[in-house]
Amino acid sequence: MWEKLKATGKPFLLYGMGDGAEKIDAELKKREIPIAGVFASEGFTRGQEFMGCPVTDYRTARERYGEMVVLVCFGTHRPEVMAQIEKLAGEQELYAPDVPVAGEEIFTREYAKAHREELGRVYGLLADDHSRKVLRDVVEYKLTGDIKLLRGCESEPREAWESILRPGKEEHYMDLGAYTGDTIAEFIGYAGEWRRITALEPDPVTFAKLERNTAGLHDCILYRLGAYSRYARLPFAGGAGRGSHLAAGGAMTELDSVDNILCGQTVRLINMDVEGMEAEAIAGMAKTLRRHRPKLLIAGYHRSEDLWRLPLEVLAIRPEYKVYVRHYPCLPAWAVNFYSV
């Protein structure tokens, strides 16, 4: 995609602002590709300026530039917003460049070639045809920015919960990166009953919301901790949102491993979305995986290497796992999840 962009003669406009736009603009600058402007959805334009450009709306941008290359710079799972992006793709040359949520490596063709062996191993180990289609399409999307590839491999969360995870009424469910409790509510919606819920959330503002939203649930234990490979106190940049992450200059925050927290207790289902620290969290649950072989739901989209590294890390600990991959409706590929059962 990046090579194709450099060859076009159309003006480039960023659709959206924020961290994603900054990362995409930085990659364009490295390749000496200038942007012509920035536009946003109606309601987000008034008085805004981003990276030295006044922020306009699409209608104004179209009147000024006519044909353009639109680069989608934000993520969404809202159906009406995804429909709007698809409509825009019917009018203009549009890409949703893949830039990592965490880490620095961009998933380019050179990156894919360098990790062809690992990606091939994961592909060969996946447990069903749909998983193999998802991996193929997500890799091709990362290389092309073509949103049709993502839309074509979607499945709803219900399918994975009901056909892969199949939670029962005696689960000890562990939620790493529990946020405000939305994934706990999702688990309860499918399981109905549970034996115990253990949840970790490091951000203090978000943790307070988690406490409120889980008040009254029986056998629900909350820890204001981040999931990690061991006990540690590290700088943490909170934000009362899903983007909270380890970062220099942040407040010192406690983290610990699943093995330390459980101390040998049985756990049957672990849900993990820890903003780019998934590999470290897997390392910190090696004893638990060997002893209890819990079902796993692991976010696989924060870092470019997550697409191959995370399933291989799990299988290195317990080769018996069957591994599936699914992509929930979302643009870009922020809802790629690995399931090990």
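Our subject in this report is the structure included herewith.

Cut-offs and rules
Residues numbered from 1 in each chain as written. Predicted model: local features only at pLDDT ≥ 70, side-chain atom pairs only at ≥ 80, totals over all residues. Heavy atoms only, no water. Helix = DSSP H or I, 4+ residues; strand = E, 2+ residues; numbered from the N terminus. Rg over C-alpha atoms; globule rule 2.2 N^0.38 Å. Contact = heavy atoms within 4.5 Å. Areas by Shrake-Rupley, 256 points an atom, 1.4 Å probe, with all protein chains shown as cover. Phe/Tyr/Trp six-rings, centres within 6.5 Å; stacked < 30°, edge-to-face > 60°. Buried < 20%, exposed > 50% of the residue type's maximum accessible area, 1.4 Å probe, protein only. Lys NZ or Arg CZ within 6 Å of the ring centre and 35° of its normal. Salt bridge = Lys/Arg side-chain N within 4 Å of Asp/Glu carboxyl O.

Turning our attention to the overall build of the protein chain. Helix and strand content of the protein chain: 15 helices and 17 strands. Rg of the C-alpha trace for the protein chain: 21 Å, near the compact-globule value of 20 Å for 341 residues, within the 12% margin. A separation of at least 24 residues holds for 68% of the contacts in the protein chain among residues at least 6 apart in sequence. A total accessible area of about 15600 Å² is found for the protein chain, and carbon and sulfur atoms account for 50% of it.

It is worth spelling out the packing of aromatic side chains at this point. Scanning the entire structure with this criterion turns up seven aromatic pairs. With 5.1 Å between their ring centres and 50° between their planes, Phe107 and Tyr111 make a pair best called tilted. Tyr111 matches Phe107 in its accessibility class, with the two residues each being buried. An angle of 5° between the planes, with centres 4.1 Å apart, marks the rings of Tyr173 and Phe187 as stacked. Placement of the pair is Tyr173 in strand S7 (residues 172-176) and Phe187 in helix H10 (residues 182-191), with a sequence separation of 14 residues. With relative accessibility at 0%, the residue Tyr173 sits in the buried group. Ring pairs connect the aromatic residues Tyr15, Phe39, Tyr58 and Phe74, which therefore count as one cluster. Taking NZ or CZ as reference, Arg293 lies 5.3 Å from the ring centre of Tyr321, over its face.

We now examine the pattern of salt bridges. Counted under the stated rule, the structure contains 23 salt bridges. Close ionic contact of Lys30 with Glu27 constitutes a salt bridge, the shortest N to O distance being 3.2 Å. Of the two residues, Lys30 and Glu27 both sit in helix H2 (residues 19-30), three residues apart, roughly one turn of that helix. Taking the relative accessible area as the measure of exposure, Lys30 reaches 65% and is therefore exposed. We note a salt bridge from Arg62 to Glu91, for which the minimum N-O separation is 3.7 Å. Taken together, the residues span a long stretch of sequence, with Arg62 in helix H3 (residues 58-65) and Glu91 in helix H4 (residues 79-91) at a distance of 29 residues. Judged by its relative accessible area of 39%, Glu91 is partly exposed.

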